[in-house]
Amino acid sequence: MNPESIQQFDLIVIGGGPAGASGAAAAGFLGKHVALVEKTCDLGGAGINTGTIPSKTLRETALALSGWRSRRLFGVDLSLRRAATIGEFMGHQQNVIAAERDRSEARLAARGVARFTGSASFVDPHLIRIVQAGGTEILLRGEKILIATGSSPLRPAEFCFSDDRVHDSDEILLLEAMPKKLVVIGGGVIGSEYAGTFASLGVETHLVDGRDTLMPFLDPEISRTLASAMAENGVQFHWKERVTSCDATKPGEVVLTLSSGATLSCDGVLVCAGRKSNTDDLNLAAAGIAPGNRGLIPVNGHYQSAVPHIYAAGDVVGPPALAATGIEQARVAVSDAFGSTFKSDLATLLPTGIYTIPEASMIGETEASLREKGIEFVVGRARYCDLPRGEIIGDQTGFLKLIFRQGDMRLLGVHIIGEQATELVHVGLIAMLAEAGAEIFNRACFNYPTLGDLYKYAAYDALAKSEQPQMY
Ligand SMILES: Cc1cc2nc3c(=O)[nH]c(=O)nc-3n(C[C@H](O)[C@H](O)[C@H](O)COP(=O)(O)OP(=O)(O)OC[C@H]3O[C@@H](n4cnc5c(N)ncnc54)[C@H](O)[C@@H]3O)c2cc1C
Ligand SMILES: NC(=O)c1ccc[n+]([C@@H]2O[C@H](COP(=O)([O-])OP(=O)(O)OC[C@H]3O[C@@H](n4cnc5c(N)ncnc54)[C@H](O)[C@@H]3O)[C@@H](O)[C@H]2O)c1
């Protein structure tokens, strides 16, 4: 190819998911000449197309169709009296996805980002080849490069994904009929979220996990409460089990054999057994980058790879592998690449929001992490059902748990399960960023009746306990 036909950019972003789109927009905001290359026709990656947005929308649709939120309201029974159709279940998410893709395109256009469609790979550390659908090739040269190619579901060999009853978390969005009995493999975040969604629709739902604790990174009280709430919602757990074989040779039922020898027959299997980085097609060797385990690209605190002008952000660099964090990582990368102070570091406090039924959320320290560090603490709790707002919405299991440092009562950790947990956590997040303690909740006047008041009562609970210094 004639070198004059190679287009030059200040930044080439590979991947149009949350991380790539945010990095490209940030560089455009800084006045840089930016190209964004996305392999598929649609912007959005797992964030908009196959992960975050569809799964959250399906959950909300399932809650509405099943009348789940109103089933505990005295004298009101809006619970599902007929099976939801697949069309009812899937329709809303398709609209939400389309609207969010349009917003993402518009943001990039507003920042003057040039869009390319095709699969990108390295020719040399500055030169990127794009292969388009018809086989046409385009070459771009970038002063800086941001890799944001995301991740894909792991597909363990024992599952026959070629069968249309066996799905990963991408394919579940292509369901053409509602399963009667679904077995979800993996009680991580994806498996737990989808198990709750399907169970709330009345699908017989089984969850198989090799461990014996639901999401062990959660506060143990939250994890236990979540597991029992999910069981009450109809999820049947099979702990300390792995699938050793998946027989989909017969029509009708798929038969799964578990490590204990037990079998489970079902008409739907959803495998949520982790994810791997999308780096196989990038020809990273030509860039001088050696990926690690599951294809992860090693980076420093500014998301710079071993090759100084090449950055990587989002799922492709590994945990926490969230849309929330990928977006911020890409902004840090772009700031560093162009010497801007716009965003020098990733926030030290990163929330976790889990859209199970019920929701759970956390930020900061756990009791276990504080014990490990030898820091004395006081825990304050407030239950949804002890507040009028909790009573009004009929949330009988929800609670907020605040962890304060003994002595100065500075807030160190927030753990919530219940309605709006993923929103409520932000009150605690801001208090923690402001380095505030229990006193801020004493001073604050919250709307009444609200779930915000949980913070006040949990703080009062902790203040009362702090009179007797000990570890609670
Ligand atoms: C079911 C599910 C639910 C989730 N729920 C949440 C949630 O509630 N909250 C949350 O914060 N996170 C959630 N996540 C995680 C979140 O979706 C990811 O962390 C996020 O999408 C990662 O963004 P990314 O930009 O790094 O990668 P991706 O979103 O994976 O995007 C990468 C893009 O790069 C493109 N690409 C790959 N290779 C190439 C190439 N060679 N050339 C050009 N383009 C390429 C891909 O086509 C893709 O569009 C969820 C994930 C799943 C699967
Ligand atoms: N709300 C959110 O923030 C959100 C929602 C969904 C996904 N995500 C992101 O998606 C990523 C991946 O999630 P995931 O749930 O697929 O993976 P994961 O690694 O979190 O969980 C996988 C689970 O599957 C189990 N497992 C694996 N193989 C198994 C087997 N053969 N038999 C039985 N159990 C098995 C593991 O014990 C584990 O509990 C996470 O990193 C998370 O960051 C985030």
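The rules we used
- Residues numbered from 1 in each chain as written.
- Chains lettered and ligands numbered in written order.
- Predicted model: local features only at pLDDT ≥ 70, side-chain atom pairs only at ≥ 80, totals over all residues.
- Heavy atoms only, no water.
- Helix = DSSP H or I, 4+ residues; strand = E, 2+ residues; numbered from the N terminus.
- Rg over C-alpha atoms; globule rule 2.2 N^0.38 Å.
- Buried < 20%, exposed > 50% of the residue type's maximum accessible area, 1.4 Å probe, protein only.
- Areas by Shrake-Rupley, 256 points an atom, 1.4 Å probe, with all protein chains shown as cover.
- Lys, Arg positive; Asp, Glu negative; His and termini not counted.
- Charge placed at Lys NZ, Arg CZ, Asp CG, Glu CD.
- UniProt positions renumbered as here; feature names shortened; annotations may be inferred.
- Near = heavy atom within 4 Å.
- Polar contact = N/O pair within 3.5 Å; in protein donor to acceptor, adjacent residues only side chain to side chain.
- Nonpolar A, V, L, I, M, F, W, Y, C, P; charged D, E, K, R; others polar.
- Salt bridge = Lys/Arg side-chain N within 4 Å of Asp/Glu carboxyl O.
- Right-handed = clockwise from strand over helix to strand, strands pointing away.
- Pairing = 2+ DSSP bridges.
- Axes fitted to C-alpha atoms, helices over the stretch in contact; angles between N-to-C directions.
- Domains from an automatic or database assignment.
- Contact = heavy atoms within 4.5 Å.
- Buried area = accessible area lost by both parts, 1.4 Å probe.

**A word on the overall build of the protein chain**
Part 1: Within the protein chain, the regular secondary structure consists of 13 helices and 22 strands.
Part 2: Against the globule reference of 23 Å for 472 residues, the protein chain gives a C-alpha radius of gyration of 24 Å, in line with a compact fold.
Part 3: For the C-alpha atoms alone, the extent of the protein chain along its principal axes is close to 75 × 60 × 40 Å.
Part 4: The proportion of buried residues among the 472 residues of the protein chain is 50%.
Part 5: For the protein chain, the accessible surface area stands at approximately 20,700 Å², while carbon and sulfur atoms represent 53% of it.
Part 6: Positive and negative side-chain charges in the protein chain, numbering 42 and 53 respectively, have mean positions lying 1 Å apart.

**Regarding the UniProt feature "domain: Pyridine nucleotide-disulphide oxidoreductase dimerisation" (unreviewed entry) in the protein chain**
Part 1: The UniProt entry lists residues 351-456 under the feature "domain: Pyridine nucleotide-disulphide oxidoreductase dimerisation" (unreviewed entry), expressed in the numbering used here.
Part 2: Counting secondary structure, residues 351-456 comes out at 34% helix and 27% strand; the distance between its end C-alpha atoms is 20 Å.

**Details of unusual backbone geometry**
Part 1: Here the residue pair P319 and P320 is connected by a cis peptide bond, since its omega of 5° sits within 30 degrees of zero.
Part 2: Residue placement: P320 occurs in the loop between β17 (310-312) and α8 (323-337).
Part 3: Here the residue pair I357 and P358 is connected by a cis peptide bond, since its omega of 0° sits within 30 degrees of zero.
Part 4: Mapped onto the secondary structure, P358 falls in the loop between β18 (352-354) and β19 (360-364).
Part 5: Even without a glycine there, the phi angle at Y303 is positive, about 65°.

**Remarks on the site of ligand 1**
Part 1: Close contacts around ligand 1 come from 36 residues, with E38, A46, T52, K56 and D315 the closest.
Part 2: In this structure, E38 approaches ligand 1 through a side-chain N or O atom, which is 2.6 Å from an oxygen atom.
Part 3: Within the backbone of K39, a nitrogen or oxygen atom sits 3.0 Å from a nitrogen atom of ligand 1.
Part 4: Burial of ligand 1 by the protein chains amounts to 93% of its free accessible area of 1,000 Å².
Part 5: Listing elements by their share of the shell around ligand 1, those giving two or more residues are α1 (18-29), β2 (34-38), α2 (45-50), α3 (52-66), β4 (119-124), α5 (189-200) and α8.
Part 6: Among the residues making up the shell around ligand 1, the classes are represented as 15 nonpolar, 16 polar and five charged.

**Some points on the pattern of salt bridges**
Part 1: All chains considered together, the criterion is met by 27 salt bridges.
Part 2: In this structure, E221 and K401 form a salt bridge, with 2.6 Å as the shortest nitrogen-oxygen distance. Separated by 180 residues along the polypeptide, E221 in helix α6 (residues 220-232) and K401 in strand β21 (residues 399-405) bring together distant segments of the chain.
Part 3: For K401, a relative accessible area of 1% corresponds to the buried category.
Part 4: Two residues, E328 and K343, come together in a salt bridge whose shortest N-O distance is 2.7 Å. Of this pair, E328 sits in helix α8 while K343 is found in the loop between α8 and β18, placing the two residues 15 residues apart along the sequence.
Part 5: Through salt bridges with shared partners, a single ionic network connects D219, E221, E367, R371, R381 and K401.

**Topic: the pairing of strand β10 (residues 204-208)**
Part 1: Of all five residues in β10, four are buried, a share of seventy percent or more.
Part 2: The handedness of the strand β9 (residues 181-185) to β10 crossover, carried by α5, is right-handed.
Part 3: When β10 meets strand β11 (residues 235-238), the two strands line up parallel, connected through four bridges. Pairing of H206 across the sheet is with Q236, part of β11.

**Here's the deal with the site of ligand 2**
Part 1: With respect to spatial proximity, 26 residues lie near ligand 2, and among them E193, D209, R211, P320 and G353 are the closest.
Part 2: If ligand 2 stood free it would expose 870 Å²; the protein chains cover 79% of that surface.
Part 3: Listing elements by their share of the shell around ligand 2, those giving two or more residues are α5 and β18.
Part 4: For the shell around ligand 2, the element with the highest residue contribution is α5, accounting for three residues.

**A closer look at the sheet that holds β10**
Part 1: Pairing is parallel in the open sheet, where five strands are placed in the order β8-β15-β9-β10-β11. Single-partner strands in this sheet number two, and they are β8 (166-168) and β11. Going across the sheet, the axis of each strand differs from the next one's by a mean of 20°, ignoring polarity.
Part 2: Where β9 lies against strand β15 (residues 268-271), four bridges are found, and the strand directions are parallel. If you follow I185 over to β15, its bridge partner there is V271.

**So, the domain arrangement of the protein chain**
Part 1: Examined at the domain level, the protein chain breaks down into domain 1 (3-153 + 276-337), domain 2 (166-273) and domain 3 (358-463).
Part 2: For domain 1 and domain 2, the distance between their C-alpha centroids amounts to 27 Å.
Part 3: Taken together, the contacts link 21 residues of domain 1 with 17 residues of domain 2.
Part 4: When the two sides are added together, the surface that domain 1 and domain 2 hide from each other amounts to roughly 1,500 Å², 62% of it contributed by carbon and sulfur.
Part 5: Of all residues in domain 1, the largest losses of buried area upon contact with domain 2 belong to T50, I86 and P153, amounting jointly to 31% of the total for that side.
Part 6: Scanning the region where domain 1 abuts domain 2 turns up one salt bridge.
Part 7: For E193, the salt bridge goes to K56, with nearest N and O atoms at 2.6 Å.
Part 8: The interface formed by domain 1 and domain 2 holds two residue pairs in polar contact (both at pLDDT 80 or more) in total.
Part 9: For the side of domain 1 that touches domain 2, the per-class residue count stands at 11 nonpolar, six polar and four charged.

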